[in-house]
Amino acid sequence: MFQTAFKYYKSRNPPPSFEDVLLIGSDHPNLKPVRLGNIDGQCFAGLLSPSEWKVHELTSRPGLLVVANPFTAEAQRQWMTRSLADYPIPPNTTNQSGVGQLARDAVGSWWEQLQTIPTPAERRKFAKSLRWATLGYQYDWTNKLYDEARREPFPCELGALVRYVATTLGYDRFSPEAAIVNYYPAGATLAGHTDHSEDDQTAPLFSFSFGQPAVFLFGGTSREEHPDALLLRSGDIVVMTGASRLCYHAVPRVCIDAELPEGLGCSAARWAVLDAERPGAVQWGAAVEEYMQHSRININVRQVLRENQQTLQRSGLG
């Protein structure tokens, strides 16, 4: 049932209907409003006051929380820029690390190289080469393990954001220790899977979306269960807690606004704000804007260790 739904939303000819896709933040019977208890205190820079957040739980998937975009447009641009310019550089690992001519002969980071390509068509082609980067604990995709020997410092600003969101939602003991940043060109997919490599599989998982919209499928603990479909737009947050933490999920479709029915698109204007005070803002802003017109970035943050656990119980990958 999960794979059938995945193929349906992935299809280009014929394209899928979006009539059964839930829009985060909308008034829908399958989305139960969640009342926040911790909304006092200082707001986090770039986020709306928690009193303005629209938080829902999916009634069919207890524990799956969704937060409609609480970011300002300027903050979205800042997180996009960090994801492109800062996160795909050493010591962080990417899908390009140690692979081919790019790694042997390149001068500068992937993002710096992208800026040197003169034509938009060639830039867009090169932009598709980056697919993921890992932060904090580096994830070994082959063995599906984290490695204590490759534990890097978690980015301070991202850690602060996630802790604030976690505390606001009632998870004040969450510790951000690893993240996978996924880079999706329009048309890309992510097959159905569960996230179970962390030593602590009870801690929530926080997922932030930026850029173009995507269809997100969320099912049960078996591929035989029919999944729910949600539309993730720029700034939306998904939090997998409790029973939902080990459920199957996938991204069968990354869209361009124009592909969606009227009213569902996210409009580039939602993040088209430049930070005029930052040196080089116009140049960097234009490059980020060009990339995001055809791409989606997803940052998903995990707690790897159990509470009071200092290191992984295994050494290395053995």
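Residues numbered from 1 in each chain as written. Predicted model: local features only at pLDDT ≥ 70, side-chain atom pairs only at ≥ 80, totals over all residues. Heavy atoms only, no water.

Focus: the sheet that holds strand E6 (residues 145-151)
Phase 1 of the analysis: Overall, antiparallel pairing links the nine strands, which are arranged E2-E3-E4-E12-E9-E14-E7-E5-E6 in an open sheet. Since the sheet does not close on itself, it has two edges, and those belong to strand E2 (31-33) and E6, each with one partner. Across the sheet, the mean angle from the axis of one strand to that of its neighbour is 30°, orientation sign disregarded.
Phase 2 of the analysis: Of the strand pairs in this sheet, strand E3 (residues 55-58) and strand E4 (residues 64-67) are connected by three bridges, and their pairing is antiparallel. Paired with Glu-57 across the bridge in E4 is Leu-65. (Pairing = 2+ DSSP bridges. Helix = DSSP H or I, 4+ residues; strand = E, 2+ residues; numbered from the N terminus. Axes fitted to C-alpha atoms, helices over the stretch in contact; angles between N-to-C directions.)

Brief notes about unusual backbone geometry
Phase 1 of the analysis: That bond from Asn-13 to Pro-14 is cis: its omega, 5°, falls within 30 degrees of zero.
Phase 2 of the analysis: With respect to the helices, strands and loops of the structure, Pro-14 is situated in the loop between helix H1 (2-10) and strand E1 (22-23).
Phase 3 of the analysis: Cis geometry is found at the peptide bond from Pro-90 to Pro-91, where omega equals 10°.
Phase 4 of the analysis: The backbone of Lys-144 sits at a positive phi, close to 55°, despite the residue not being glycine.

Section: the layout of surface pockets
Phase 1 of the analysis: The space that makes up the largest pocket amounts to roughly 560 Å³.
Phase 2 of the analysis: The set of elements that each furnish at least two residues to the lining of the largest pocket consists of strand E5 (132-140), strand E7 (178-185), strand E8 (190-193), strand E9 (205-211), strand E12 (237-240), strand E13 (249-254) and strand E14 (295-302). (1 Å grid on protein atoms, 1.4 Å probe; cavity = no way out; pocket = protein on both sides within 12 Å on 5 of 7 lines; lining within 4 Å. Points joined across faces, edges and corners; volume = space filled by probe spheres on them.)

Focus: the environment of Trp-53
Phase 1 of the analysis: Topologically, Trp-53 is positioned in the loop between E2 and E3.
Phase 2 of the analysis: C-alpha of Trp-53 to C-alpha of Asn-69: the two residues are 16 residues apart in sequence and 7.9 Å apart in space.
Phase 3 of the analysis: Not counting chain neighbours up to four residues away, the residues in contact with Trp-53 comprise Leu-36, Leu-47, Leu-48, Val-67, Pro-70, Tyr-164, Val-165 and Thr-168.
Phase 4 of the analysis: Looking at Trp-53, its side chain comes within polar contact range of the main-chain oxygen of Leu-48, at 2.9 Å. (Contact = heavy atoms within 4.5 Å. Polar contact = N/O pair within 3.5 Å; in protein donor to acceptor, adjacent residues only side chain to side chain.)

Things to note about the pattern of salt bridges
Phase 1 of the analysis: Applying the stated criterion across every chain yields a total of eight salt bridges.
Phase 2 of the analysis: Between Arg-77 and Glu-289 there is a salt bridge; the shortest N-O distance is 2.9 Å. Taken together, the residues span a long stretch of sequence, with Arg-77 in helix H2 (residues 73-86) and Glu-289 in helix H7 (residues 281-292) at a distance of 212 residues. As far as the burial class goes, Arg-77 and Glu-289 line up, both buried.
Phase 3 of the analysis: A salt bridge links Glu-290 to Arg-123, with the nearest nitrogen and oxygen atoms 2.8 Å apart. Pair noted here: Glu-290 is in helix H7 and Arg-123 is in helix H5 (residues 120-127), with a separation of 167 residues, a long-range link.
Phase 4 of the analysis: By relative accessible area, Arg-123 is classed as buried at 16%.
Phase 5 of the analysis: Shared partners join several salt bridges into a network, and the residues in it are Arg-61, Glu-225 and Asp-228. (Salt bridge = Lys/Arg side-chain N within 4 Å of Asp/Glu carboxyl O. Buried < 20%, exposed > 50% of the residue type's maximum accessible area, 1.4 Å probe, protein only.)

All we've got here are geometric facts, nothing functional implied.
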